[in-house]
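Here is what each chain is made of, one letter per residue.
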Amino acid sequence: MNSFDSRSSLRVGDASFQYYSLEALEKSGVSGVSGLPFSLKVMLENLLRHEDGTSVSADDIRVLVASVGARPEREIAFRPARVLMQDFTGVPAVVDLATMRDFIKESGGDPNRINPLQPVDLVIDHSVQVDRFGTSTAFEFNVERESERNRERYLFLKWGQHAFKNFRVVPPDAGIVHQVNLEYLAHVVFLDECGDTAVLYPDTLVGTDSHTTMINAMGIVGWGVGGIEAEGAMLGQPISMLIPEVVGFRLTGELPEGATATDAVLRVVQMLRAKGVVGKFVEFSGPGIRHLSLADRATISNMGPEYGATIGFFPVDDETLRYLKLTGRTDDVIARVEAYTKAQGLFQAEGTAEPEFGDSISLDLGTVEPAIAGPKRPQDRIPLGDAKKSFRKTLVSMLNGGGGNGAAAAMATWTDEGGGPRTASNDECATELSRLATAVPVRLGANRFEIGHGSVVIAAITSCTNTSNPSVMIAAGLLARNAVERGLGVHPWVKTSLAPGSRVVTDYLRDTGLLQYLEALRFHLVGYGCTTCIGNSGPLPSPIADGIAESDLVVASVLSGNRNFEGRINPHVRTNYLASPPLVVAYAIAGNMDIDLTNDPVGYDPNGNPVYLKEIWPDPAEVRELIDASVKPEMFRKAYKESLAGDERWNALEVPAGDLYSWEEDSTYVKRPPFFTDMPPEAPALEDIAGARALAVLGDSVTTDHISPAGSIPADGPAGRYLLDAGVAEKDFNSYGARRGNHEVMMRGTFANIRLRNQMAPGTEGGWTVHLPDKEQTSIYEAAMRYGSDGVPLVVIAGKEYGSGSSRDWAAKGTRLLGVRAVIAESYERIHRSNLIGMGVLPLQFSDGEGKDSLGLTGFEEFDIRGIAAGLDPGQKLEVIARDENGERAFWVTARLDTPVEIEYYKNGGILQYVLRQMK
C-alpha cells in the first residue's frame, strides 16, 4: 500500500532508483517527520515501505511520528533487511531449521519450504581458543586445533550454506563477526533489485549476538536478538515491538590527551546504566561527534548491551562516507549512500538541527579520563588512579567471603559501632592485606617465580570492541615499542594474547613496524576471532593453575573486551578488568593489579631505574600520523578477498549432499533436538501451572552466562560425564559454545556456571539445588530430570536484571528442556525475556516494590500460577499461590507477554512451533 503517496524516484549518476520518501510523507500532512531522531526515521521508513493494512497500518505510521516523548504503548512490526549470525548462536539456529525441514517432510510437506526469506550471513568467529600463546607458532597451532575440534560443526555449516537459499557462511579466521560486518558486510543503504525495479532503503538487521549494536556507528539500525527470534525473522516473521523510546546522548568537546575511545565508552556505560535505558534506543548527537572517528563511535555502539540500550546509534555523516572509502567500498556504493541519506533526511551535515528527544543526557568528552572497569561488571568504572585502592577493597572482600563488586566491595567486611555495614578505610585494607598476603612459588619451564593475590595471569588484546579501532591498536603497539626500548618485559606468569577482529589489524601493525614490539612482549597473534572475551581464553599453564587452586588465590585478567562477568573469562580467575589495549600491555608489564599506574613505576629498566607509564605512553600525534600513513583501502580489499575464500582446511571439507541433513547418531556436536517431537497440529489449550517446585532461587544481575552453558566443560559435571560416557576424552571436550548444536550437552550445562549461587543450596557455588520434598542436595540437571519423571512442573525465582548479558538462546532453550514452565523475577533484560517466550517459558514479574525477599520466598514452597487458562492479554496480572508447612500466601505478578504476537508464541509453545503451524 502507498497511503501517503510516498513512493518516489531518485537519480544517482546514470542510475534511477525507487524509494519511500519521508519528505513526501510529511508533505502529505503527517507533521513532525523532519524533527524525529534519525533512528526513528529509519524505523518509520521500514513501516512506510511495508504498509499492507494488516501488519502495518497507516495509523501505525502516524503514531510513530507522534511518539517522541510519549510512553511506549503502540506495537509495531519491524522487518529487518538482513540477519547476522556468529557460529556459537548460528549452529543451533541452523540445527533448528534442519529439524523443521525434517518435521515438514515427516508431515507430508515439502521441506524446501523452510528457507531464510531474508539474506543471512553467518561468520565463524567464536571457535578459536587460546591454547598456545607467546610464540610465533601460536596462530597456526590454535587454528589447527580449532579445525580438528570443530570439524563436525563446520561440515554442518557448509552443508547449510549449500542446502539453504539466502544463507552465506564466512569461513573461520576471517575476523570477529561485528568487525567483519563493519568493514565488509554492511550496506548502509540496501539495494533491492527485483526485475526492472531497483529500490533503495536503509540497511537494517538483527543479529544473534548482543554486540550487533556495533553497526549502529554507521547509521544502521540493528540490535542483538536471541537465535530463536532471529530464526523467526529469517522465516518471514516480523519482529513485534513497542515503538521505542529514544534517549538523546549529547556529546561535546573532544577526548583529552591520554584518554582513549575505550575510556570514553566506559564512562558512557557507567552513565547510561545509572540513568536506566534498558529497552530504549540511545542516539548520539552534538558537536562532540565530529571529533570521534567511526571506529571510536563503533567502540561506543558496540557496548550498547553493557549500558542496557537496544541500540547506540550515530547518524550517517561525512565520517561515515570517509570510512566506507577507507574500507574499500566502491564509488557507486558510496554515491548511493550519500544521495539516499541526504534525500531522506538521514544525513547529519554540519549545521543540521539536532533531533527532538523525549529524554536526554550529555557528556563533555574533555572530562573523560583513563579508566578500567571491574572486577565483574562492565559498568563498574574505576578511574585509573583509583584502581589500586579499588582492587585492594575487592580483594579483602573476596578473601573474607564477600562478592567483590567494585569500589564498595569491602562494605560487607567491616561494621560500625551500631553493627551496620561501612566502607573500609585504606589503612584497614592495607592491614588486612598484609595479614592475608600469600606468595606461591611456581616453576614454569626454566622460569621460577612467585604469584600471589592480584597477579595478572591473563592480559588479552581481544574482542570486537577495541580491535576494530586503529587508534587504540596502534597505541598499544607504540606503548609496546616504547617499553621494549626502555628494556621492559612481561612477567612469565602472564598469559598474553593478540586476537584481532580483522586480518587488516595485523597488516597495519606489521606495516608500521609495531607488531615486532608487541611480539617482543609476547603479544603474538593467537587467532582472528572472539577469544578471551567469551571464555575462549584457553587453559592457564598447569603450574600456575595448580598454584592458584591450591592457595585459593584471587588473581586477575585484564582484557580489551566488553564482558567481564564472573566465571566467564577463565575458571581460575576471579577478578576481571576491562581496559584499553595500551593499558592491557601496561598491566602485562606490571604483572599485578596492586599497582597505581598513575604514580607507581610500571616496571624497572635493566639498570634498576623506575619506568613510569607516562614516560612510555604513546604520543597522540604519532598515533594519528601512523594511521594516516598505513591504514589503506587496499588492505581491506585484499584481506576480505583472501579470507572469504577460506583456507585449505575449510576448502578440504567435503560437504554432505541433500536438502535434509543426515544426522549422525553418535555425534557429540550436532544432534536433532526434541523441540518438535509429538507436536500436535493445533496449539493446545492454555493451562494454569499447578504444584510447581522451584529449581533455583537466584539474586540480582543473574546473567545469561550464569544460565546458559559457556566456557570450558568440567569433567565432574553432568555435561562432562555425558561426554566421557560417549567416549570423548577430556582433552577433546572443547567448549560449551562449540557444542551448542548438541542439546544433550547444553541442557546438562544449563544453570551450571561455576559462580552461580542458588539460595536454595547455601554455601555452594555452581549448578547445585535441593530436590523437594526430600531436601536432597543434588545437581540442578539431576533434580530437573527427577522432577520431570514425576511430572512436576518447575519455576525459577530471581531478582532484578534477570538474563542480562549476551543474547544466548540456550539460556532459554536449556531452561525449557529442564522442565521450567515459568520464571518469576523483579525485572528482565530485553533479549532474554524475548527468548523465554520464544521457547514457551512464561516470564512473570513481581509487582512493584515486591520480590522474593519481601515476600519471604525461600524456594521450598509449592507454587500454583492461576489465571493462564482463562486467556491472556498483554501485561495481564496473574495470581501466584505459594504453599509450605506454614500455610498459603498469595501475591500478584505481571505476565511479561507485552504484545499480542508474544501471546501467540507462548500459546504455541514457542516461535518455531508457531511458524510451523502457520505453514500447514
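Procedures and definitions
Residues numbered from 1 in each chain as written. Predicted model: local features only at pLDDT ≥ 70, side-chain atom pairs only at ≥ 80, totals over all residues. Heavy atoms only, no water. Helix = DSSP H or I, 4+ residues; strand = E, 2+ residues; numbered from the N terminus. Rg over C-alpha atoms; globule rule 2.2 N^0.38 Å. Buried < 20%, exposed > 50% of the residue type's maximum accessible area, 1.4 Å probe, protein only. Contact = heavy atoms within 4.5 Å. Areas by Shrake-Rupley, 256 points an atom, 1.4 Å probe, with all protein chains shown as cover. Lys, Arg positive; Asp, Glu negative; His and termini not counted. Charge placed at Lys NZ, Arg CZ, Asp CG, Glu CD. Pairing = 2+ DSSP bridges. Axes fitted to C-alpha atoms, helices over the stretch in contact; angles between N-to-C directions. Salt bridge = Lys/Arg side-chain N within 4 Å of Asp/Glu carboxyl O. Phe/Tyr/Trp six-rings, centres within 6.5 Å; stacked < 30°, edge-to-face > 60°. Parallel < 35°, antiparallel > 145°, perpendicular 65-115°, else oblique. Nonpolar A, V, L, I, M, F, W, Y, C, P; charged D, E, K, R; others polar. Arc of directions from axis to C-beta. Polar contact = N/O pair within 3.5 Å; in protein donor to acceptor, adjacent residues only side chain to side chain. pLDDT = per-residue confidence, 0-100. Expected span 1.5 Å × (residues − 1).

Caption draft 1: Looking closely at the overall build of the protein chain. For the protein chain, the count of helices and strands is 33 helices and 36 strands. Against the globule reference of 29 Å for 920 residues, the protein chain gives a C-alpha radius of gyration of 27 Å, in line with a compact fold. When its C-alpha atoms are laid out on the principal axes, the protein chain stretches across 80 × 75 × 60 Å. Relative to its full complement of 920 residues, the protein chain shows a buried share of 63%. When contacts within the protein chain are restricted to residue pairs at least 6 apart in sequence, long-range pairs at least 24 apart make up 75% of them. For the protein chain, the computed accessible surface area is about 32200 Å², with 46% contributed by carbon and sulfur atoms. Distance from the positive charge centre (88 side chains) to the negative charge centre (120 side chains) of the protein chain: 1 Å.

Caption draft 2: Focus on the sheet that holds strand β12 (residues 246–252). Spatially, 4 strands are ordered β14-β13-β12-β15 in an open sheet, and the strand pairing comes out parallel. Across the chains shown, the open sheet's two edge strands, defined by having one partner strand only, are β14 (311–313) and β15 (359–364). Each adjacent strand pair in this sheet contributes to an overall mean axis angle of 20°, direction not counted. Bridge count for β12 against β15 is 6 bridges, and the pairing is parallel. Its bridge partner being in β15, F249 is matched across the sheet by I361. Sitting on the sheet, helix α2 (residues 38–49) touches β12, β13 (281–285) and β14, and the angle it makes with β13 is about 125°. Contacts between helix α9 (residues 261–275) and the sheet are confined to β12, β13 and β15, with β15 contributing the most and set at about 150° to the helix.

Caption draft 3: Local environment of the pattern of salt bridges. Throughout the structure, instances matching the rule amount to 53 salt bridges. The partner of K731 in a salt bridge is D732, with the nearest N and O atoms 3.2 Å apart. K731 sits in the exposed class, given a relative accessible area of 63%. Assessed through its relative accessible area of 29%, D732 is described here as partly exposed.

Caption draft 4: View of unusual backbone geometry. Omega for the bond connecting G374 with P375 falls within 30 degrees of zero, at 15°, which places this linkage in the cis form. Here P375 is to be found in the loop between β16 (371–373) and β17 (381–383). Residue P773 is reached from L772 by a cis peptide bond, and omega for that bond is 10°. Along the chain, the position of P773 falls in the loop between β29 (768–771) and β30 (776–779). Not every positive phi belongs to a glycine, and D678 is a case in point at roughly 55°. Of the residues examined, D678 reaches a relative accessible area of 74% and is grouped as exposed. Non-glycine residue K775 carries a positive phi angle of around 65°. In this structure, K775 sits in the loop between β29 and β30. The class of K775 is exposed, set by a relative accessible area of 55%.

Caption draft 5: Representation of the packing of aromatic side chains. A full pass over the atoms with the stated rule returns 22 aromatic pairs. Here W159 and F164 contribute two aromatic rings whose centre-to-centre distance is 5.5 Å and whose plane-to-plane angle is 75°, an arrangement assigned as edge-to-face. Look at W159 and you get buried, because its relative accessible area is 1%. Given the relative accessible area of 5%, F164 is considered buried.

Caption draft 6: Just the packing of helix α8 (residues 227–234) against helix α31 (residues 830–838), in detail. It is at 8 Å that the axes of α8 and α31 come closest, and there the two elements cross at 70°. Put simply, α8 runs roughly perpendicular to α31. For the pair α8 and α31, the contacting residues are G227, I228 and E229 in the first and S834, N835 and G838 in the second. Of the residues contributing to the contact of α8 with α31, the split by class is 1 nonpolar, 4 polar and 1 charged.

Caption draft 7: Spotlight on helix α23 (residues 620–630). Of the positions making up α23, those classed as buried are V623, L626 and S630. Within α23, the buried residues cover an arc of 70° as seen down the axis, which keeps them to one side. Looking at α23, the residues exposed on the side facing more than 90 degrees away from the buried face are R624, E625, D628 and A629. Taken together, the buried residues of α23 touch α17 (470–485), α18 (503–511) and α24 (633–645).

Caption draft 8: The arrangement of the side chain of H453 in detail. With respect to the helices and strands, H453 occurs in the loop between β21 (447–452) and β22 (456–461). Judged by relative accessible area, which is 13%, H453 ranks as buried. Of note is the side chain of H453, whose polar atom sits 3.1 Å from the backbone nitrogen of V554.

Caption draft 9: Region of interest: the sheet that holds strand β31 (residues 794–797). The strand order around the closed barrel formed by 7 strands is β28-β31-β32-β33-β36-β35-β34, and the pairing between neighbours is mixed. Across the sheet, the mean angle separating the axes of adjacent strands is 40° when strand polarity is ignored. When strand β32 (residues 820–825) meets strand β33 (residues 842–846), the two strands line up parallel, connected through 4 bridges. Directly across from A825, in β33, lies its bridge partner Q845. Its contacts with the sheet place helix α29 (residues 780–789) against β28 (689–697) and β31, and it is angled at close to 170° to β28.

Caption draft 10: Fine view of the environment of R267. In this fold, R267 is placed in helix α9. Sequence separation of R267 and L365 is 98 residues, and the distance between their C-alpha atoms is 9.5 Å. Ignoring any residue separated from it by four or fewer positions in sequence, one finds R267 in contact with L363, T367, V368 and R381.

Caption draft 11: Summary view of the environment of K775. Through-space distance from the C-alpha of K775 to that of L272 is 43 Å; in sequence the pair is 503 residues apart. Residue contacts for K775: discarding those within four places in its chain leaves V770 and F860.

Caption draft 12: Spotlight on the packing of α17 against helix α21 (residues 581–590). Their axes nearest at 7 Å, the elements α17 and α21 cross at an angle of 30°. Between α17 and α21, the crossing angle belongs to the class labelled roughly parallel. From α17, V472, M473, A475, A476, L479, A480 and A483 reach across to α21, where they touch P581, P582, V585, A586 and I589. Here the contact of α17 with α21 is built from residues that sort into 12 nonpolar, no polar and no charged.

Caption draft 13: Representation of the confidence of the model for the protein chain within the structure. Overall, the prediction assigns the protein chain a mean pLDDT of 93, with 96% of residues at 70 or greater. Below pLDDT 50 for its whole length, residues 404–420 participates in 42 contacts with residues either more than four positions away or in separate chains.

Caption draft 14: Just the pairing of β31, in detail. Here β31 shows two buried faces, one formed by L794 and V796 and the other by V795 and I797. With 4 bridges connecting them, β28 and β31 associate as parallel partners. Following the sheet pairing, A696 is matched in β31 by V796. Examined bridge by bridge, β31 and β32 share 4 bridges and lie parallel to one another. Residue L794 lies in a different strand from β32, and its bridge partner there is V820.

Caption draft 15: How the structure looks around helix α5 (residues 138–149). Over its 12 residues, α5 runs 16 Å from end to end, which matches the ideal 16 Å to within 8%, given 1.5 Å per residue. Here α5 has its buried residues at A138, F139, N142, V143, R145, E146 and R149. Looking down the long axis of α5, one finds its buried residues gathered within 160° of arc, a one-sided arrangement. Packing partners of the buried residues in α5 comprise α6 (151–163) and α25 (648–651).

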